[in-house]
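Next come the chains, spelled out residue by residue.
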Amino acid sequence: MRSLIITPLIALVAGAALAQTKEPVTLRDMGSFHVGGRVVEITGQPVKEVLFTPGGVPAKVDPNGAYQVEQMYVQYFLPQSRKGKLPLLMWHGGGLTAVTYETRPDGGEGWLTMFIRKGWDVYISDAVERSCS
């Protein structure tokens, strides 16, 4: 049982150590923006008391108000030394989010960092019904 716990821990530490030996990523810009979306107004719904934890203090939840819906969240990373001619858009599937591209399961660098290091402008996005990172 002990080896089942120690082996993944060693892999994570080794992956983190390997990542620290690489050159830092230098960007000319990074940021985020939203694409599309609309505002929906909810009115006339009752205010409810919700208990988030057993024995906790109830909280009042009022669903009424204005909500931004149907928008895509995008983060972008532009390397200092651009070599790629066109920007890359990484759009996940399978119920995942854009964080999927940041690191590998073993802690190593993911597709995002790999392409930035190669000089590509990279945009990572989340599907409309999800949230980034």
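Predicted model, so just to flag it, every value in this text is computed and none were measured.

### A closer look at the packing of aromatic side chains
Step number 1: By the definition in use, this model includes 4 aromatic pairs.
Step number 2: An angle of 25° between the planes, with centres 6.0 Å apart, marks the rings of W111 and F115 as stacked. One end of the pair is W111 and the other is F115, both in helix α2 (residues 111-117) and 4 residues apart, which spans about a single turn.
Step number 3: Connected via pairs of aromatic rings, a cluster forms that spans F33, Y76 and Y123.

### Re the pairing of strand β5 (residues 88-91)
Step number 1: Sheet topology note: the β5/strand β6 (residues 122-125) ladder contains 4 bridges and is parallel. When the sheet's bridge partners are listed, L88 is paired in β6 with V122.
Step number 2: A crossover links β5 with its parallel partner β6, the connecting element being α2, and its sense is right-handed.

### Things to note about the side chain of H92
Step number 1: With respect to the helices and strands, the residue H92 is situated in the loop between β5 and α2.
Step number 2: Residue H92 is classed as buried on the basis of its relative accessible area, which comes to 8%.
Step number 3: Side-chain polar atoms of H92 contact the backbone oxygen of L96, separated by 2.9 Å.
Step number 4: Within the structure, the side chain of H92 is placed 3.3 Å from the side chain of D126, a separation counted as a polar contact.

Parameters and conventions
- Residues numbered from 1 in each chain as written.
- Predicted model: local features only at pLDDT ≥ 70, side-chain atom pairs only at ≥ 80, totals over all residues.
- Heavy atoms only, no water.
- Phe/Tyr/Trp six-rings, centres within 6.5 Å; stacked < 30°, edge-to-face > 60°.
- Helix = DSSP H or I, 4+ residues; strand = E, 2+ residues; numbered from the N terminus.
- Pairing = 2+ DSSP bridges.
- Right-handed = clockwise from strand over helix to strand, strands pointing away.
- Buried < 20%, exposed > 50% of the residue type's maximum accessible area, 1.4 Å probe, protein only.
- Polar contact = N/O pair within 3.5 Å; in protein donor to acceptor, adjacent residues only side chain to side chain.

That's the geometry; what it means functionally is another story.
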